[in-house]
Amino acid sequence: MARPQAAVAATLAAVAAAAAVLSSQLYRRRCRRLASRVRELEASLAAATEKAAAERRGRVRAQQSLRKALSEQELSSDEKKKLSKSPKSFPMASIGVVQSCFSTRNGTPRQPLVVPLARATVVLDPARVPAEALEGLADYSHCWILYVFHLNTDLDKMWNDPARSKLKAKVRVPRLKGGKMGVLATRSPHRPNPIGLSVAKVEAVDGHSILLSGVDLVDGTPVLDIKPYLPYSDSVKGAAIPNWLEVDGALAVESIHFSEHFISALSDCWMHVQKQSLYASADEFQDLVKEVLSWDIRSLSQRIRPHEVTIKDVTDNGRSKIDNGCNNDEDRQSVDSSTSVVYHLHLEGIDVSYRIDQDSNIVVENAALLSSAVNQHQYNYLTWREKFLLVAGHFGLYLIKKQSKWWAAS
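Keep in mind the model is a prediction, meaning the values are calculated, not measured. (Residues numbered from 1 in each chain as written. Predicted model: local features only at pLDDT ≥ 70, side-chain atom pairs only at ≥ 80, totals over all residues. Heavy atoms only, no water.)

Chemist: How would you explain the overall build of the protein chain if you had to name every residue and give the values?
Modeler: A tally of regular secondary structure across the protein chain gives eight helices and 15 strands. Counting only residues that meet the buried cut, the protein chain has 30% of its 410 residues in that class. Carbon and sulfur atoms make up 56% of the accessible area of the protein chain, which amounts to about 26,500 Å² in all. (Helix = DSSP H or I, 4+ residues; strand = E, 2+ residues; numbered from the N terminus. Buried < 20%, exposed > 50% of the residue type's maximum accessible area, 1.4 Å probe, protein only. Areas by Shrake-Rupley, 256 points an atom, 1.4 Å probe, with all protein chains shown as cover.)

Printed below as a string of structure tokens:
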């Protein structure tokens, strides 16, 4: 009886071993088939990827050839040679516009941050820049603004007929009192490409708009780009400047006095402009005037011959003009019986007139509404005040929560 059972057990063991061997062979065969299939799929994917890349390269080459053919279709041989030697152009469009307290170039600071109260709103074009693009900018204290010097008088010639537009290699520098310096060693607006770069304090961000202070931007300036200011890379310790820039107070005035007539006239004007102004009150506006006039904003020619009866001014393109007394002319001057020149500053739709003597003492005499009434700005002080209150409320809640956590921990 024992022998048949032993035989059965041996048979079952042999069958189990055979089954295990067969299963192992089947598994290895299946793995080989799957590995082969994976290699086939990888090769197919690589071929498809290479084919798509080749097609893309072909399309790019075809587009480049088409553009070149179209651009040279009606060009003569001389024009082709000129085109091959001409520099590349990079067409750009503005992404927004500046709504500034400075109505004209006259009085706009020559550098940023020298007039802390100078405010402006950068309004971005929603069609080009979504509001989400400004997310996070309010966390920075300052930002860079790249813009176009759109009031340069030679822009049309520069863009429409660049062959006739010759670059002035040297420009007059205010601090050198008529001395010239290479244009690329200055901040002159008359540059090979009329692009400006300014830093400003970020006061608030709302939708597509940014409130800035310390600006040196005139109203209507087209904005090309905005970048955050990074102290660790944008501020260079030990940076050197030329000796002629180290003269302290070279353009500073001696004193500023506001006449009683100016204060009274400003009060009347303020009733008309306050709803459109970026300033809270007439007193704050007067502080702005004082900050602007604390630097001699006159042109070099005005400082050299300030008391001529017939005032000649030189425009940006080098042609001279005679002041005809027009009330809306930028940089206009009028001469009274004592041959003392009255200068004009346009801020927030208000014409501020003042005199300055040879010792750089200023007397601000009058304020009058400009004929253009007021700046038609989308944002004003009341608009931004609500934003400030909202930010202050959030900050107050943050402080309360932080203090509560500190109390709980202690």
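Chemist: Run through the environment of Met271, naming residues and quoting values.
Modeler: The residue Met271 is located in helix H5 (residues 260-273) in this model. Sequence separation of Met271 and Ala282 is eleven residues, and the distance between their C-alpha atoms is 9.2 Å.

Chemist: Go over the packing of aromatic side chains with me, naming the residues and quoting the values.
Modeler: In this structure the tally under the stated criterion is five aromatic pairs. On the basis of an interplanar angle of 75° and a centroid distance of 5.3 Å, the ring pair of Tyr147 and Phe149 is categorised as edge-to-face. (Phe/Tyr/Trp six-rings, centres within 6.5 Å; stacked < 30°, edge-to-face > 60°.)

Chemist: Please provide a residue-by-residue account of the pattern of salt bridges, values included.
Modeler: Scanning all chains against the criterion turns up seven salt bridges. Its salt-bridge partner being Glu40, residue Arg37 comes within 3.4 Å of it at the nearest N-O pair. Here the residue Arg37 and the residue Glu40 both occupy positions in helix H1 (residues 2-72), the gap between them amounting to three residues, near one helical turn. The partner of Glu203 in a salt bridge is Lys201, and the shortest N-O contact between them spans 3.8 Å. (Salt bridge = Lys/Arg side-chain N within 4 Å of Asp/Glu carboxyl O.)

Chemist: A description of H5 should follow, citing residues and the corresponding values.
Modeler: The end-to-end C-alpha separation of H5 is 20 Å, in line with the 20 Å expected for 14 residues at 1.5 Å each. For H5, the complete set of buried residues consists of Phe262, Ala265, Leu266, Cys269, Trp270 and Val273. Looking at the buried side of H5, the elements it contacts are strand E9 (255-258), helix H6 (282-293), strand E14 (350-356) and strand E15 (361-369). (Expected span 1.5 Å × (residues − 1). Contact = heavy atoms within 4.5 Å.)

Chemist: An account of the sheet that holds strand E8 (residues 222-228) is needed here, citing residue identities and associated values.
Modeler: Pairing is antiparallel around the closed barrel formed by six strands, whose spatial order is E1-E2-E7-E6-E3-E8. Shown here is a sheet whose adjacent strand axes are inclined to one another by a mean of 45°, direction ignored. Inspection of the sheet shows strand E6 (residues 195-206) paired to strand E7 (residues 209-213) by five bridges, in the antiparallel sense. Following the sheet pairing, Ala204 is matched in E7 by Leu211. (Pairing = 2+ DSSP bridges. Axes fitted to C-alpha atoms, helices over the stretch in contact; angles between N-to-C directions.)

Chemist: Residue-level account of the environment of Ile145, with values.
Modeler: For Ile145, the position within the fold is in strand E3 (residues 142-148). For Ile145, a relative accessible area of 1% corresponds to the buried category. Expressed as a C-alpha distance, the spacing of Ile145 and Leu224, which sit 79 residues apart in the sequence, is 7.7 Å. Residue contacts for Ile145: discarding those within four places in its chain leaves Gly196, Leu197, Ser198, Ala200, Leu212, Leu217, Val223 and Asp225.

Chemist: Break down a positive patch on the surface for me, with residues and values.
Modeler: On the surface, Arg28, Arg29, Arg30, Arg32 and Arg33 cluster together into a positively charged patch. Checked against the element boundaries, Arg29 lands in helix H1. For Arg29, a relative accessible area of 45% gives the class partly exposed. (Patch = residues over 30% accessible without salt bridge, like charges linked within 9 Å, V, L, I, M, F, W, Y side chains within 5 Å. Lys, Arg positive; Asp, Glu negative; His and termini not counted. Charge placed at Lys NZ, Arg CZ, Asp CG, Glu CD.)

Chemist: Describe the packing of H5 against H6, listing the residues and the values that go with them.
Modeler: Between H5 and H6, the shortest axis-to-axis distance is 10 Å and the interhelical angle comes to 120°. As the angle between them shows, H5 and H6 are arranged oblique. Along this stretch, H5 crosses H6, giving a crossing that reads as right-handed. Judged by residue contacts, Phe262, Ile263, Leu266 and Trp270 of H5 engage Ala282, Phe285 and Gln286 from H6. Looking at the contact of H5 with H6, its residues break down into six nonpolar, one polar and no charged. (Parallel < 35°, antiparallel > 145°, perpendicular 65-115°, else oblique. Left-handed = near helix turned anticlockwise from the far one by under 90°. Nonpolar A, V, L, I, M, F, W, Y, C, P; charged D, E, K, R; others polar.)

In short, shape yes, function no, at least from these values alone.
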